[in-house]
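# Summary of structural features
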Protein chains: 2
Amino acid sequence: MNKEILEKYAELVYKIGVNLQKGQGVEIDCSVENAEVAEVFTEVGYKLGAKLVNIRWNYDKTAYLNYKYAETEALAEVPEWFIKSKEYLMEKGFCRIAIDSEDPFAFKDIPAEKLGAVSKARSKALKKYSDCIMSNGIRWCVVSVPSKAWAEKVFPNDAHPEDKLFDEIIKTMRLNCDNPIKNWENHIAEMDKHAKFLNENAFEYLHYENSLGTDIYVGLADDHVWLSAQEEAKDGVKFVANIPTEEVFTCPHKEKINGKVYSALPLSYNGQIIDKFSLTFKDGKIVDYSAETGYDALKSIIETDEGTLSIGEAALIGKNSPIAQSGILFYNTLFDENASCHLAIGKAYPTTVRNGDKLSEKELLEKGANDSVEHVDFMIGTPDLKVTGIRKDKSEAVIFTDGEWAI
Amino acid sequence: MNKEILEKYAELVYKIGVNLQKGQGVEIDCSVENAEVAEVFTEVGYKLGAKLVNIRWNYDKTAYLNYKYAETEALAEVPEWFIKSKEYLMEKGFCRIAIDSEDPFAFKDIPAEKLGAVSKARSKALKKYSDCIMSNGIRWCVVSVPSKAWAEKVFPNDAHPEDKLFDEIIKTMRLNCDNPIKNWENHIAEMDKHAKFLNENAFEYLHYENSLGTDIYVGLADDHVWLSAQEEAKDGVKFVANIPTEEVFTCPHKEKINGKVYSALPLSYNGQIIDKFSLTFKDGKIVDYSAETGYDALKSIIETDEGTLSIGEAALIGKNSPIAQSGILFYNTLFDENASCHLAIGKAYPTTVRNGDKLSEKELLEKGANDSVEHVDFMIGTPDLKVTGIRKDKSEAVIFTDGEWAI
């Protein structure tokens, strides 16, 4: 990876992503395989005014060995100090950058049940922290860089898969231009327009239909708000939580989902792949599901808790977005979710309900916002997807035709 | 690094080093540059019965950027969760393996005062944990593997410095043989003989002399015990804290050191080099010191606390040890301290006083055992070193002549 491009990359993440403020602390999740990336982020962070830049390292390969050899009980124990290390970020007002490069098949031969049990225990132990992230208690941003194993999955026949994947990531991030910051300001404004239209129309239901067989009504939460790329954190400072991002998204009503939805792209979850799956809903609950690949992994997601029986996010993305246009299957939700309309099993973002970050858990539930320890996006947008908005007075407006914005 | 040799290496560290017991947890300190080493250690650990293997990653290059850009105050703050993460190892009875590969010049352009202030704050915050380590509250082992930057310092003119350094490390670890475990059992027995001789003689003073100008009387603590490679942890299980190790060592009396001592090898401390230095003692206290290189770093060590004005360890190593024979300056204390007789500024190992792990801090001080947040070995053994033992009745025995055991 070219150092000059990495510096532009890091600058974009600090300025548009977490919107680093002078004197703020930064924590960065990074794989040990991307040590030079962490080095660039550390230096750029300080140059832009960070007080302290800490790296929290991870490594697929030792994580795999842990899953392979250690007992579920040992893996599921989350020490008090680890929980405190996450809460420390909240208390000290750090921002958090996750530089993801996970091999989507890293854990493919680990039983889904074991992965699920560990993931569930960890999510439960860290709920206070993940609630903070989901309600924008701190500013955060998820981005990606290639790892060898991931790049080889995306471009199995390429001589230099890591370089190729990095080039494609740079394009999806709209970094291949003279002034990426300005470019992003324009992109944010464009997406805000779509969100404004949807907010003004205040639809009660979205009706999704396509040739895969998807035919589902997704009710929207009371006082739901459509958000797009840029959000406001609790401290009033704006930030962009995903780079790239192409989505305009809101909060479904957890009791008003009826019909059947088919996946449009494979889902990479916990180092495993779930593909060609469907979910059937009745009054907001998943009452049936199937999967040609990764059924056990899907089962473990759905059986996590009460909230993983419903959904917490509905997001709209046009098929002409740079990611969708690339035609590349990234096996990575950050990209694939931005190539396709998606829903998410599990917890709703409180900020997708009006004043949601100030509402209690009970008040959010009453509005229809789902709660869970999980939040798993899955892609449902096909090139022939039609989405119709239905207002309280039963009048309709076509929002998407042939997989693209119709407004 | 050859995987097969790394596996033998890891097996030696688990069996002879920390003496891993079935169902025990392991924490490994490792640089992100040595991820494959961590991978081998993780797998071998599980195969030998570990319950859980955790890696605590470090990276010279981001640590350097932290020192370069962050304020001392921000770096010196040790979060409560970090202290708890260390104490967790004690509570859960983990063993700890440190795989060191630090570039000895990593922090050479950082002011010694800043490094010293941060190091002092961290040592103070982690005193409970370091006391536990030094009194063998948990089993631990320090070993080394090459990093690129370190290897280039040791072999600046070699085409493959990392391979060359790894080969040399393997030799110093006595791994280049058919049965390293058996080989180590013999080595341990041989060193025990020297320790036994010294314990039977119960010397009151050691008198060191050489042509550099060293002429110093080092009084030994009341009830001091000479230890060698293998020690006993609090749980009664034997272990070897350093691999390689060639030293037979004991506890000096912190008020009975008089004379002047010259360094025999450069000292690598906190990513800086201190070379050609001398220390002058009166009644146990350093009253004068000089250094041709790294004076500020030496000053910051000595000024850490009351205890860094005296010494806490006296160790004897013959000049025919494999490390000394290699003639290589490793710029790494693990190796260089085992090439040469050494003393240590700072805290004494409580286990070098009879029943010391059961004595209170006050009782240890009364025996003459020094206390400090620091423990820094420095090398004083030259090829012409003479060490004479002086008993309570003033009778003498020559222990070392011409830098080698004379007993």
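Notes on the structure in this doc start here. (Residues numbered from 1 in each chain as written. Chains lettered and ligands numbered in written order. Predicted model: local features only at pLDDT ≥ 70, side-chain atom pairs only at ≥ 80, totals over all residues. Heavy atoms only, no water.)

### Here's the deal with the relation of the copies chain B and chain A
Turning chain B through 180 degrees and shifting it by 0.0 Å along the axis lays it on chain A, with an RMSD of 0.0 Å. Overall, the copies show the geometry of a two-fold rotation axis. A symmetric contact is evident, with 100% of the interface residues of chain B recurring at the interface of chain A. (Least-squares fit on C-alpha atoms with pLDDT ≥ 70 in both. Contact = heavy atoms within 4.5 Å.)

### A few points about unusual backbone geometry
In the segment running from A:Ile243 into A:Pro244, the intervening peptide bond is cis, with an omega of 5 degrees. The backbone of A:Asn136 sits at a positive phi, close to 60 degrees, despite the residue not being glycine. Assignment of secondary structure puts A:Asn136 in the loop between α7 (127-134) and β4 (140-144). Residue classification places A:Asn136 among the buried residues on the basis of a relative accessible area of 1%. One non-glycine residue, B:Arg174, lies in the positive phi region at around 55 degrees. Following the sequence through the fold, B:Arg174 ends up in the loop between α9 (161-172) and α10 (180-201). (Helix = DSSP H or I, 4+ residues; strand = E, 2+ residues; numbered from the N terminus. Buried < 20%, exposed > 50% of the residue type's maximum accessible area, 1.4 Å probe, protein only.)

### Focus on the nonpolar core
In terms of nonpolar packing, the biggest core is built from 213 residues, with A:Tyr9, A:Tyr14, A:Tyr208, B:Tyr9, B:Tyr14 and B:Tyr208 touching the most fellow members. Residues within four places of B:Tyr14 in sequence aside, it is in contact with B:Asn19, B:Leu20, B:Val26, B:Ile28, B:Phe41, B:Val44, B:Gly45, B:Leu48, B:Val53 and B:Ile97. Formed by 38 residues, the second largest nonpolar core is a distinct cluster that contains A:Tyr129, A:Phe249, B:Cys132 and B:Ala233. (Core = buried A, V, L, I, M, F, W, Y, C linked by side-chain atoms within 4.5 Å.)

### Structural notes on the side chain of B:His194
Tracing the backbone shows B:His194 in helix α10. Those residues in contact with B:His194 that lie beyond four places of it in its chain are B:Val248, B:Trp405 and B:Ile407.

### As for the sheet that holds strand β14 (residues 311-316) of chain A
All names here are of chain A. Spatially, β9-β14-β15-β16 is the arrangement adopted by the four strands of the open sheet, whose pairing is antiparallel. Each edge of the sheet is formed by a strand with only one pairing partner; in this case those strands are β9 (248-250) and β16 (375-379). Going from strand to strand, the sheet's axes swing by 20 degrees on average, the running direction of each strand aside. Pairing geometry for β14 and strand β15 (residues 342-346), over four bridges, is antiparallel. Bridging from a neighbouring strand, Ile311 pairs with Ile345 of β15. (Pairing = 2+ DSSP bridges. Axes fitted to C-alpha atoms, helices over the stretch in contact; angles between N-to-C directions.)

### Thoughts on the pattern of salt bridges
Per the counting criterion, the structure on display carries 56 salt bridges over all chains. Among the ionic pairs, B:Lys92 bridges to A:Glu77, the shortest N-O distance being 4.0 Å. One end of the pair, B:Lys92, is in helix α5 (residues 80-92); the other, A:Glu77, is in the loop between α4 (72-76) and α5 (80-92), on a second chain. By relative accessible area, which is 36% here, A:Glu77 ends up partly exposed. The partner of A:Lys148 in a salt bridge is A:Glu152, with the nearest N and O atoms 3.2 Å apart. One end of the pair, A:Lys148, and the other, A:Glu152, are both in helix α8 (residues 148-154), four residues apart, so they sit about a helical turn from each other. When its relative accessible area of 36% is taken as the criterion, A:Glu152 is described as partly exposed. Bridged by salt links that share partners, the residues A:Lys127, A:Asp131, A:Lys347 and A:Asp371 form one connected network. (Salt bridge = Lys/Arg side-chain N within 4 Å of Asp/Glu carboxyl O.)

### Describing the environment of B:Leu279
All names here are of chain B. Along the polypeptide, Leu279 turns up in strand β12 (residues 272-282). As a C-alpha pair, Leu279 and Leu126 span 153 residues in sequence and 28 Å in three-dimensional space. Leu279 has contacts with Gly259, Lys260, Val261, Ile286, Asp288, Tyr289, Leu298, Ile302, Ile345 and Phe378, leaving out every residue within four places of it along the chain.

### Details of the sheet that holds strand β1 (residues 25-31) of chain A
Residue and element names in this part refer to chain A. Pairing is parallel across the open sheet formed by four strands, whose spatial order is β2-β1-β3-β4. Edge positions in the open sheet fall to β2 (52-58) and β4, since each of these has one partner strand only. On average, adjacent strands in this sheet sit at an angle of 15 degrees to one another, irrespective of strand direction. As paired elements, strand β3 (residues 95-100) and β4 share five bridges and run parallel to each other. The partner of Asp100 across the bridge, within β4, is Ser144. Here helix α2 (residues 35-47) sits on the sheet and contacts β1, β2 and β3; the angle it forms with β2, its principal contact strand, is near 165 degrees.

### Points about α7(A)
Buried residues dominate α7(A), accounting for six of its eight residues. Looking at the residues trailing α7(A), positive phi occurs at A:Asn136, about 60 degrees.

### A closer look at the environment of B:Glu36
Residue and element names in this part refer to chain B. Mapped onto the elements of the fold, Glu36 is located in helix α2 (residues 35-47). Exposure remark for Glu36: the relative accessible area of 40% places this residue in the partly exposed category. It is 8.9 Å that separates the C-alpha atoms of Glu36 and Met1, two residues lying 35 residues apart in sequence.

### Overview of the interface of chain B and chain A
In this complex, chain B contributes 30 residues to the contact, which on the side of chain A involves 30 residues. Summed over both partners, the interface of chain B with chain A buries about 2800 Å², with 68% contributed by carbon and sulfur atoms. Of all residues in chain B, the largest losses of buried area upon contact with chain A belong to B:Trp57, B:Tyr69 and B:Trp81, amounting jointly to 21% of the total for that side. The interface formed by chain B and chain A holds two salt bridges in total. At the junction of chain B with chain A, the criterion picks out eight residue pairs in polar contact (both at pLDDT 80 or more). Within the residue set of the side of chain B that touches chain A, elements represented by two or more residues are α2, β2 (52-58), α3 (60-69), α4 (72-76) and α5 of chain B. Counting residues per element, the side of chain B that touches chain A draws most heavily on α2(B), at seven residues. Its residues assigned to classes, the side of chain B that touches chain A shows 17 nonpolar, four polar and nine charged. (Buried area = accessible area lost by both parts, 1.4 Å probe. Polar contact = N/O pair within 3.5 Å; in protein donor to acceptor, adjacent residues only side chain to side chain. Nonpolar A, V, L, I, M, F, W, Y, C, P; charged D, E, K, R; others polar.)

Any link to function would need more than the numbers given here.
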